[in-house]
Amino acid sequence: MKPAGNLTATSPWIRRYHPAPDARVRLLCLPHAGGSAPFYLPFSRALSPAVDVLAVQYPGRHDRHHEPCVDSIPELADALVAEVLPFADRPLALFGHSMGATVAFELALRLEQSGTRPLVLFASGRRAPSRLRAESDPVHLRDEAGILAELRALSGTDARVFENEELLRMVLRAVRNDYKAVETYRFVSGQRLAAPVHAHVGTDDFRASLDEVRSWGEHTDGGFEMYTYPGGHFYLTGQLPRVVAAVSQQISALLS
């Protein structure tokens, strides 16, 4: 197994924007549908050097745009296990927003099966894995106008993306792929985490109701807590200082 220091330079999956090799804990951050590692730059900047923040870069975007996207959440989790394990030489927390929360859950299951229990899973802006919605109009089957309507409704995409045709084409490919991964995902009944789950959500998130988010408590034997913030699906944008403070406090409490 390669040491974490070498993996930083060689793994296409992991980004460390503010390396903190002396930190007591690492936080692995997984992006939303259509998202990429730089989404977590503000997290990394705010938490370093107390926390060594790692951001996942999915295939098919940014510097990995030439690679085929992965349209299955279990397959993403399978691929990530080997990339993440070398960083588990100290307590490792997981933070996933939206689709990233489901990927983080599946990754946490695999890590625990391999003998590595995450410190905590932070599930942000995502309903519990067992809370399946019957989608009458799946986003991944829509035409481009339909996908764009979804992106505008969520208010999480930089407005400049809509003005750049080449960039928009790349984003739409990743979004369609990721929504397919989300909308075809099926939770395997009976799977529970030993690690605690802390859910964070905007009170006006139409993609994850408070009741759906509260059901994360059914997926862990390690304890569940829920935190709400003003805002919608991308509440993180406006509430970043509060979220960072909460995550930092929760990690510190768990370490002690």
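Residues numbered from 1 in each chain as written. Predicted model: local features only at pLDDT ≥ 70, side-chain atom pairs only at ≥ 80, totals over all residues. Heavy atoms only, no water.

Peer 1: So what exactly am I meant to see when it comes to the environment of Leu240 here?
Peer 2: As for its placement among the helices and strands, Leu240 is situated in helix α8 (residues 235-255). On a C-alpha basis, the gap between Leu240 and Pro42 in space is 8.2 Å, while along the polypeptide they are 198 residues apart. In this structure Leu240 touches Pro42 and Phe43, once residues within four positions along its chain are discounted. (Helix = DSSP H or I, 4+ residues; strand = E, 2+ residues; numbered from the N terminus. Contact = heavy atoms within 4.5 Å.)

Peer 1: What am I meant to see in the nonpolar core here?
Peer 2: The nonpolar side chains of soluble globular proteins are, as a tendency, buried together. Formed by 48 residues in total, the largest nonpolar core has its most connected members in Leu28, Leu94, Leu107 and Trp216. A total of nine residues in this core trace back to one element, the largest contributor, which is helix α4 (residues 99-113). Leave out the neighbours within four places in its chain, and Leu28 touches Ile14, Leu54, Val56, Val84, Leu92, Ala93, Leu94, Phe95 and Leu107. Among the nonpolar cores identified, the runner-up in size contains 23 residues, and Val25, Leu27, Leu47 and Ala55 belong to it. (Core = buried A, V, L, I, M, F, W, Y, C linked by side-chain atoms within 4.5 Å. Buried < 20%, exposed > 50% of the residue type's maximum accessible area, 1.4 Å probe, protein only.)

Peer 1: Is there a simple way to explain the pattern of salt bridges in this structure?
Peer 2: For side chains of opposite charge, pairing can occur when their charged atoms come near one another. Scanning the entire structure with this criterion turns up twelve salt bridges. Ionic pairing is found between Arg26 and Asp52, a salt bridge with its closest N-O pair at 2.8 Å. One end of the pair, Arg26, is in strand β2 (residues 25-30); the other, Asp52, is in strand β3 (residues 51-56), with 26 residues separating them in the sequence. When sorted by exposure, Arg26 lands in the same class as Asp52, which is buried. Taking the shortest distance from any N to any O, the salt bridge between Arg61 and Asp178 comes out at 2.7 Å. Taken together, the residues Arg61 in the loop between β3 and α3 (73-84) and Asp178 in helix α6 (residues 165-183) connect sequence positions 117 residues apart. For Arg61, a relative accessible area of 5% translates into the label buried. Since its relative accessible area comes to 1%, Asp178 is described here as buried. A single network of salt bridges, built from pairs that share partners, joins Arg16, Arg26, Asp52, Asp89 and Arg90. (Salt bridge = Lys/Arg side-chain N within 4 Å of Asp/Glu carboxyl O.)

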